[in-house]
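Coordinate inspection notes
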Amino acid sequence: PVSRVPEFLNAVDEVVTKAYSDLEIIWFGHIGDGNLHLNILKPERLAADEFKARCDAVSPMICDVVSQYGGSVSAEHGIGLLKKGYLHYTRPPAEIDLMRLVKKAFDPDGILNPGKVFD
């Protein structure tokens, strides 16, 4: 519920502040409905592959907090390539299986957005 947003923000902020003490962290989104976005900015001095590796190491910790608060790894924008590996944090296996069935029913040849959610 939206009433837990401040508690959630503090929990995620604790994780990202520790992991990214040298990076700029920006929160934005639709706070009224609890739909928050977290953006970690890559400094110019940091190589892209090093930045991605740091983000990949911290994302599971953030997803753990999102899961504890009953959140979702993605909302109105869908899952896509960046978040498909984290879907299991906030959706149970039965729901993911159902998503696969729906995808198969509407796209039996796998030509619509191939690989965006399921390989």
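Note that this is a predicted model, so its numbers are computed, not measured. (Residues numbered from 1 in each chain as written. Predicted model: local features only at pLDDT ≥ 70, side-chain atom pairs only at ≥ 80, totals over all residues. Heavy atoms only, no water.)

Description of the confidence of the model for the chain
Mean pLDDT for the chain: 89, with 95% of residues reaching 70 or above. The element-level mean pLDDT for the chain is lowest in helix 3 (residues 80-83), coming to 82, with helix 4 (residues 93-106) highest at 95. (pLDDT = per-residue confidence, 0-100. Helix = DSSP H or I, 4+ residues; strand = E, 2+ residues; numbered from the N terminus.)

A word on the pattern of salt bridges
Summed over the entire model, instances satisfying the criterion amount to 6 salt bridges. K84 is the partner of D119 in a salt bridge, and the nearest nitrogen-oxygen pair spans 2.5 Å. Placement of D119 in the segment after helix 4 and of K84 in the loop between helix 3 and helix 4 is noted, with a sequence separation of 35 residues between them. We classify D119 as exposed; its relative accessible area is 85%. Classification of K84 as partly exposed rests on a relative accessible area of 22%. (Salt bridge = Lys/Arg side-chain N within 4 Å of Asp/Glu carboxyl O. Buried < 20%, exposed > 50% of the residue type's maximum accessible area, 1.4 Å probe, protein only.)

Re the packing of aromatic side chains
For the coordinates displayed, the defined rule picks out 3 aromatic pairs. Ring plane angle 75° and centroid distance 6.4 Å describe the contact between F8 and W27, whose orientation is recorded as edge-to-face. Taken together, the positions of F8 in helix 1 (residues 5-19) and W27 in strand 1 (residues 24-30) put the pair 19 residues apart, joining distant regions of the chain. Geometrically, the ring pair formed by Y86 and Y89 is tilted, given 6.2 Å between the ring centres and 35° between the ring planes. Chaining the aromatic ring pairs together yields one cluster made of F8, W27 and Y69. (Phe/Tyr/Trp six-rings, centres within 6.5 Å; stacked < 30°, edge-to-face > 60°.)

Re the nonpolar core
Grouped together as the largest cluster of nonpolar side chains are 17 residues, with contacts concentrated most on F8, V12, Y20, L23, F51, I62 and V65. Mapped onto this core, the elements with two or more residues apiece are helix 1, strand 2 (35-41) and helix 2 (48-68). In this structure, F51 is in contact with L23, I40, L41, K42 and L46, ignoring residues within four places of it in sequence. In terms of nonpolar packing, the next biggest core, distinct from the first, is built from 7 residues, V73, I79, L87 and F118 among them. (Core = buried A, V, L, I, M, F, W, Y, C linked by side-chain atoms within 4.5 Å. Contact = heavy atoms within 4.5 Å.)

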